[in-house]
Amino acid sequence: QVQLVESGGGLVQAGGSLRLSCAASGSIFSFNTMGWYRQAPGKQQELVASIIRGGSTNYADSVKGRFTISRVIAKNTVYLQMNSLKPEDTAVYYCKGDRWENDMPYVIWGQGTQVTVSS
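Each chain has its residues counted from 1, following the order in which its sequence is written. It should be noted that, the model being predicted, local features are given only for residues of pLDDT at least 70 and side-chain atom pairs only at 80 or more, the latter also being counted only at that level, while totals for whole chains, interfaces and linings use all residues. Computation of side-chain values: all heavy atoms of the structure, hydrogens and water removed.

Focus: the overall build of the chain
Then step 1. Helix and strand assignments follow DSSP, with helices taken as H or I runs no shorter than four residues and strands as E runs no shorter than two, numbered in order from the N terminus. Scanning the chain for helices and strands turns up zero helices and 11 strands.
Then step 2. Counting from the amino terminus, helix and strand elements in the chain follow one another as β-β-β-β-β-β-β-β-β-β-β.
Then step 3. As defined in this context, the radius of gyration uses C-alpha atoms, and a globule is described by 2.2 Å times the residue total to the power 0.38. In terms of C-alpha radius of gyration, the chain reaches 14 Å, essentially the compact-globule figure of 14 Å for 119 residues.
Then step 4. Expressed as lengths along the three principal axes of its C-alpha atoms, the size of the chain is roughly 45 × 30 × 25 Å.
Then step 5. A burial count over the chain gives 42% of its 119 residues as buried.
Then step 6. Residue pairs in contact within the chain that sit at least 24 positions apart in sequence constitute 55% of those at least 6 positions apart.
Then step 7. We get accessible surface area from the Shrake-Rupley algorithm with a probe of 1.4 Å; when it comes to residues, only the shown protein chains can shield them. Accessible surface computed for the chain: about 6,300 Å², of which carbon and sulfur atoms make up 49%.
Then step 8. One way to put it: in the chain the 11 positive side-chain charges average out to a point 6 Å from where the 8 negative ones average out. To sort residues, take the accessible area from a 1.4 Å probe on protein chains only and compare it with the maximum for the residue type: under 20% means buried, over 50% means exposed, and anything in between is partly exposed. The contact rule is simple, with two residues in contact once any of their heavy atoms fall within 4.5 Å. Counting rule for charge: Lys and Arg are taken as positive, Asp and Glu as negative, and neither His nor the chain ends is counted. For charged residues, the charge sits on one atom: NZ in Lys, CZ in Arg, CG in Asp, CD in Glu.

Here it is as structure tokens:
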């Protein structure tokens, strides 16, 4: 089974930057879509950014212009570059991969990495 491992989280001051990494044990190209989600205390989980197999990206309105999702297929890794961080970006960030297996949707999640942005 493919595993996803997030890293790169930490504590940063508002206005700072972090780059999150999502390393897969297999080819990330096996996924139709990979994305970053976040869960903040007291809030619903939300999709932050996603990238489909062909390379198109999508972002939540709250992070447009600040975050960039990218990938290096040869490294089996998806990245989330986060700039101009705000305290409201504080959350656990999860990497997710989606694909089809036996005509059924298959989803795999990483364990998450904590991002804390201080004011």
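After presenting the structure, the write-up continues.
Side note on the packing of aromatic side chains
Then step 1. Any two rings among Phe, Tyr and Trp, with Trp reduced to its six-membered ring, count as a pair given centres within 6.5 Å; such a pair is stacked if its planes are under 30 degrees apart, edge-to-face if over 60, and tilted if neither. Inspection of every chain in the model, using the stated rule, returns two aromatic pairs.
Then step 2. An aromatic cluster is defined as three or more aromatic residues linked by ring pairs; in this entry it consists of Tyr37, Tyr94 and Trp109.
Then step 3. Note that Arg99 overlies the ring of Phe31, its terminal NZ or CZ placed 4.9 Å from the centroid. Only when the NZ atom of a Lys or the CZ atom of an Arg is both within 6 Å of the ring centre and within 35 degrees of the ring normal do we say a charge sits over the ring.

Quick look at the sheet that holds strand S7 (residues 67–72)
Then step 1. Judged by pairing direction, the sheet is antiparallel, and its four strands sit side by side in the order S1-S3-S8-S7 without closing on themselves. If you trace the sheet from one side to the other, it starts and ends with strand S1 (4–7) and S7, each paired once. On average, each strand axis in the sheet is inclined to that of its neighbour by 15°, with strand direction left out of account.
Then step 2. Should DSSP find at least two bridges between two strands, the strands are regarded as paired. Where strand S3 (residues 18–24) and strand S8 (residues 77–82) come together, six bridges link them in antiparallel fashion. Bridge assignment links Leu18 to a residue of S8, and that residue is Met82. Interaxial angle, 0 to 180 degrees, is taken between N-to-C directions of lines fitted to C-alpha atoms, where a helix line uses only the stretch in contact.

As for the environment of Trp36
Then step 1. Considering the arrangement of structural elements, one finds Trp36 in strand S4 (residues 33–39).
Then step 2. Classification of Trp36 by relative accessible area gives buried; the value is 0%.
Then step 3. The sequence separation of Trp36 and Lys96 amounts to 60 residues, and the corresponding C-alpha distance is 6.3 Å.

Re the state of the cysteines
Then step 1. The disulfide criterion used throughout: a pair of cysteine sulfur atoms within 2.5 Å. The full count for this structure, using the stated rule, is one disulfide.
Then step 2. Linked covalently through their sulfurs, Cys22 and Cys95 form a disulfide whose S-S length is 2.0 Å. Taking the torsion about the sulfur-sulfur bond, which here is approximately -80°, the covalent link between Cys22 and Cys95 counts as left-handed. Of this pair, Cys22 sits in strand S3 while Cys95 sits in strand S9 (residues 91–101); the two residues are 73 residues apart in sequence, bridging distant segments of the chain.

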